[in-house]
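# Architecture at a glance
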Amino acid sequence: MRIMRVLFVLFLVTCHVSPVTAEAAHVEHHEGLPIVFLEGTPYELGRQHGELLRETVQHSLRHILGHFRRYLKMPLLSPLAVNWWLDRSWAQGAPFIPQDYLEELRGLSDGSGVPLAELWRLHAIPERTYACSNMAVWGRATADGRLIHARNLDWSIRAGIQDYAAVFVVRPKGKHGFVSAGWAGFVGVLSGINERGLSIGQVGAETVDASYRGVPMAFLMRKVLENAADLDGAVGLIRDAPRTVGVNYVIADALAQRAVAMETTARLAAVFEADDPKEHAVAYARPIVDAVVRADTAIDPAIRQRQLASQGNPRAPGLEPPGGSAYTVRYLGQGERILAHYGAITAQLACEIAKAVAPGSNVQSVVFAWPWMWVANAQGQTRAAHTPYHHLDLQRLFTGEPAP
């Protein structure tokens, strides 16, 4: 393990000696999946994104927003009403969004020809959706001690967002480079890892302690990858930020061989280490040595008391035992499979665990096992974890070496 850490540090030095240049912004394809390389100032990042994927961004915005205007929880409302619904969320959060991201969206609009207001609406959607699963295992839990971080993004296959999937390799000027498994036209992060081996994934966890007056989740996650050098730094950024809706995070540090689960609402935040004594005190929790697992169920009593997720009822006294598939399949299911294969978990087995807990809404599945990454996207109506995973070399992506 000490040798792995030394090699990791040497790699970080190499990354900073041989960065991708702004002139090298380009798109590669890995078995049909676009790999988009971007570098520069915020406006340049957006402009490159828009110019490289111009037609795809246009189609993506038209298709995804069209789906929301027709179906998302408001089947009888007109497109104007849905625009108002998304615009209201964006307007409340916009004062809290770092100026860099607003500039990047302006560049993306200029490069793609998509109206800026439509891009704002797209980026308001993650605050309005819930689901997903996350786990990280390492040390005694894995076959070689390597840290493995796996997450499923569960949303709506019917929206067709999987048709616009792309992996972005981004080098923002003056910040950490990162890789994001995302989609054309989207500059936030929902699944990503930075050049220091820090990875993050989220689970929407609906709560009554919510507000749109804060940093939207997808921008906060990106801020973590760009600015945090280690796990404690990532936790501090999320804890100190003005937050919005309920979110459970799993954040993992490949160099430190450590991960945490972080449960948040607009006003509350709780952090759980592996096999945390705080979890042992909660009857429905399943703590595991050298592992953290989350779906949308909160373990922290104060946060659980405010949850609507997992059949929570904030109006009732006391804490309701969690129920529903988010708890029984995604939370307990991950934990049971980790214990069943404890000490023998590999990245390939993590993919199998993701497959076993993926619901019909699973649009993306990602596994990080430094220095590798696996990503799968839904194909048609086939959930992501049931499709072939793209196996990507993170070292090559970060150093900008040409594809073999």
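Residues numbered from 1 in each chain as written. Predicted model: local features only at pLDDT ≥ 70, side-chain atom pairs only at ≥ 80, totals over all residues. Heavy atoms only, no water.

Take the nonpolar core next. Judged by nonpolar contacts, the single largest core of 87 residues is most densely connected at Val179, Tyr249, Ile251 and Met373. Tallying contributions element by element places helix H7 (residues 217-227) first for this core, with seven residues. Aside from chain neighbours lying at most four places away, what touches Met373 is Val167, Val179, Ala181, Val366, Val367, Phe368, His390, His391, Leu392 and Leu394. (Core = buried A, V, L, I, M, F, W, Y, C linked by side-chain atoms within 4.5 Å. Buried < 20%, exposed > 50% of the residue type's maximum accessible area, 1.4 Å probe, protein only. Helix = DSSP H or I, 4+ residues; strand = E, 2+ residues; numbered from the N terminus. Contact = heavy atoms within 4.5 Å.)

So, about the sheet that holds strand S14 (residues 372-377). The antiparallel open sheet is built from six strands, whose spatial order is S12-S3-S4-S13-S14-S15. At either margin of the open sheet sits one strand with a lone partner, and together these are strand S12 (291-294) and strand S15 (390-393). Strand-to-strand twist of the sheet, defined as the mean angle between neighbouring strand axes without regard to direction, takes the value 10°. By the bridge criterion, six bridges tie strand S13 (residues 362-369) to S14 in an arrangement that is antiparallel. Considered in S14, the bridge of Val367 is made with Trp374. The sheet contacts of helix H11 (residues 325-340) involve strand S3 (133-137), strand S4 (148-154) and S12, and relative to S12 the element is tilted by about 155°. (Pairing = 2+ DSSP bridges. Axes fitted to C-alpha atoms, helices over the stretch in contact; angles between N-to-C directions.)

This part takes up the sheet that holds strand S11 (residues 269-272). Backbone-to-backbone hydrogen bonds join strands into a sheet, with any given pair of strands oriented parallel or antiparallel. With mixed pairing, nine strands are arranged side by side in an open sheet as S1-S2-S5-S6-S7-S8-S9-S10-S11. Edge strands, defined here as strands with exactly one partner in the open sheet, are strand S1 (26-30) and S11. Direction aside, the axes of adjacent strands within the sheet are offset by 20° on average. Across seven bridges, the pairing between strand S9 (residues 247-253) and strand S10 (residues 258-264) is antiparallel. Looking at S10, one finds that Tyr249 is bridged to Met262. Lying over the sheet, helix H2 (residues 42-52) contacts S1, strand S2 (33-40), strand S5 (165-172) and strand S6 (178-183), oriented at roughly 150° with respect to S2. Sheet strands touched by H7: S5, S6, strand S7 (191-194), strand S8 (198-204) and S9. Its angle to S8, the strand with the most contacts, is close to 165°.

Moving on to the confidence of the model for the protein. Put simply, the protein has an average pLDDT of 92, and 92% of its residues get 70 or more. Below pLDDT 50 for its whole length, residues 2-22 participates in 32 contacts with residues either more than four positions away or in separate chains. (pLDDT = per-residue confidence, 0-100.)

Before going further, it helps to examine the packing of helix H3 (residues 54-70) against helix H5 (residues 99-112). The N-to-C vectors of H3 and H5 enclose an angle of 105°; their axes lie 9 Å apart at closest approach. One way to sum up the angle between H3 and H5 is to call them roughly perpendicular. Contact residues: H3 offers Arg54, Val57 and Gln58, while H5 offers Leu108, Asp110, Gly111 and Ser112. A breakdown of the residues in the contact of H3 with H5 according to their chemical character gives two nonpolar, three polar and two charged. (Parallel < 35°, antiparallel > 145°, perpendicular 65-115°, else oblique. Nonpolar A, V, L, I, M, F, W, Y, C, P; charged D, E, K, R; others polar.)

A separate point is the pattern of salt bridges. Taken as a whole and judged by the stated rule, the model has 19 salt bridges. With a shortest N-O distance of 2.7 Å, Glu103 and Arg106 are connected by a salt bridge. One end of the pair, Glu103, and the other, Arg106, are both in helix H5, three residues apart, so they sit about a helical turn from each other. The class for Glu103 is partly exposed, based on a relative accessible area of 24%. The partner of Arg140 in a salt bridge is Asp290, and the shortest N-O contact between them spans 3.0 Å. Note that Arg140 is positioned in the loop between S3 and S4 and Asp290 in the loop between helix H9 (277-280) and S12, a separation of 150 residues in sequence. A relative accessible area of 57% means that Arg140 is categorised as exposed. For Asp290, a relative accessible area of 12% translates into the label buried. Taken together, the shared-partner salt bridges in this structure form one network comprising Asp100, Glu104, Lys175, Arg222 and Glu226. (Salt bridge = Lys/Arg side-chain N within 4 Å of Asp/Glu carboxyl O.)

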